[in-house]
Amino acid sequence: MSCSANEDDRLKAFKEFQLGILDEFLRVCAENGLCYYAAWGTLLGAARHQGFIPWDDDIDVWMPARDYYRFRELCLSGCLRPGFYFQSHASNPENYLSWQRIGVSNSTSVQRKYAAIRADSGVCMDIFPLMPA
């Protein structure tokens, strides 16, 4: 097997892992009537490739502000299944990102420059607020 094929297999497995996170997000949204939209590369991939952009490896969604904050309340009250965690700056000031994420416990996906920060660093999907004008 060539190095390229091995890299392709790892990227495919990583994307499948990401879809498990999306499934958990979708479950919480469906159970609680929350609105969301595919965002950025996720939206482009869905429209153009019926899945991920071939070179992309993350999932991004937008939520109307009301639903975004409700999602945070639900996660902080324990709605996520075991094995998942909620990440936000509001829930842990060490989290250096200003948007919300849900991730998989006991996984790692962090750039070396952030490794010393005591923040959640598992494989995550990003959740961004849509703020009213």
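Position numbers for residues start from 1 in each chain and track the written sequence from start to end. In keeping with the predicted nature of the model, local features appear solely for residues at pLDDT of at least 70, side-chain atom pairs appear and are counted solely at 80 or more, and the whole-chain, interface and lining totals rest on all residues. Processing note: side-chain calculations cover all non-hydrogen atoms of the structure and skip hydrogens and water entirely.

> An account of the overall build of the protein is needed here, citing residue identities and associated values.
Check the secondary structure of the protein and you find 3 helices and 5 strands. Every helix listed is a DSSP run of H or I at least four residues long, and every strand listed is a run of E at least two residues long, numbered separately from the N terminus. Secondary structure elements of the protein occur, N-terminal to C-terminal, as α-β-α-β-α-β-β-β. Within the span of the protein, comprising 133 residues, buried residues form 36% of the whole. The criterion used for residue contact is that any of the two residues' heavy atoms lie within 4.5 Å. Considering only contacts in the protein between residues 6 or more positions apart, those separated by 24 or more positions represent 60%. Each residue is placed in one exposure class: buried if its accessible area under a 1.4 Å probe, protein chains only, is under 20% of its type's maximum, exposed if it is over 50%, and partly exposed if it falls in between.

> Kindly report on the pairing of strand E5 (residues 124–130), identifying the contributing residues and their values.
With respect to burial, E5 is a largely interior element, 5 of its 7 residues being buried. The pairing of strand E4 (residues 100–104) with E5 spans 4 bridges and is antiparallel. Each bridged residue has a counterpart across the sheet, and for Arg 101 the counterpart in E5 is Asp 126. Between any two strands, at least two bridges found by DSSP are needed for them to pair.

> Lay out the pattern of salt bridges with the relevant residues and their values.
We count a salt bridge whenever a side-chain nitrogen from Lys or Arg sits within 4 Å of a carboxyl oxygen from Asp or Glu. Tallying each qualifying case throughout the model produces 6 salt bridges. Two residues, Asp 67 and Arg 66, come together in a salt bridge whose shortest N-O distance is 3.9 Å. Residue Asp 67 is classed as buried on the basis of its relative accessible area, which comes to 5%. The structure contains a network of salt bridges with shared partners spanning Glu 24, Arg 27, Glu 31 and Arg 81.

> Give me the packing of aromatic side chains: which residues, what numbers.
Stacked, tilted and edge-to-face pairs are distinguished by plane angle, under 30 degrees for stacked and over 60 for edge-to-face with tilted covering the rest, among Phe, Tyr and Trp rings (Trp via its six-membered ring) whose centres lie within 6.5 Å. Under the definition given, this model contains 7 aromatic pairs. Between Phe 25 and Tyr 36, the ring centres sit 5.4 Å apart and the planes meet at 75 degrees, which makes this aromatic pair edge-to-face. With a gap of 11 residues between them, Phe 25 in helix H1 (residues 3–32) and Tyr 36 in the loop between H1 and strand E1 (37–38) connect regions that are remote in the sequence. Classification of Tyr 36 as partly exposed rests on a relative accessible area of 34%. With a centroid separation of 5.3 Å and 85 degrees between ring planes, the pair formed by Tyr 68 and Tyr 69 is classed as edge-to-face. On the basis of relative accessible area, Tyr 68 is assigned to the buried category, the value being 3%. Chaining the aromatic ring pairs together yields one cluster made of Phe 25, Tyr 36, Phe 71 and Phe 86.

> Which residues make up the nonpolar core, and what values go with them?
What is meant by a nonpolar core is a set of buried Ala, Val, Leu, Ile, Met, Phe, Trp, Tyr and Cys residues, joined one to another through side-chain atoms within 4.5 Å. Within the largest apolar cluster, 21 residues are counted, with the highest numbers of intra-cluster contacts made by Phe 25, Met 63, Phe 71, Ile 102, Met 125 and Ile 127. Once residues within four sequence positions are removed from consideration, Met 63 is found in contact with Phe 25, Cys 29, Leu 34, Cys 35, Tyr 36, Tyr 68, Phe 71, Ile 127, Phe 128, Pro 129 and Leu 130.

> Give a description of the sheet that holds E5 that names residues and reports values.
Reading across the sheet, the 5 strands line up as E1-E2-E5-E4-E3 and stay open at both edges, with mixed pairing between neighbours. Only two strands of the sheet have a single partner each, and these edge strands are E1 and strand E3 (84–87). Each axis is a line fitted through C-alpha atoms, and for a helix only the stretch in contact is used; angles between axes span 0 to 180 degrees, taken between their N-to-C directions. Those strands touched by helix H2 (residues 40–49) are E1, strand E2 (60–64) and E5, and its axis lies near 110 degrees from that of E2. Its contacts with the sheet place helix H3 (residues 65–76) against E2, E3, E4 and E5, and it is angled at close to 105 degrees to E2.

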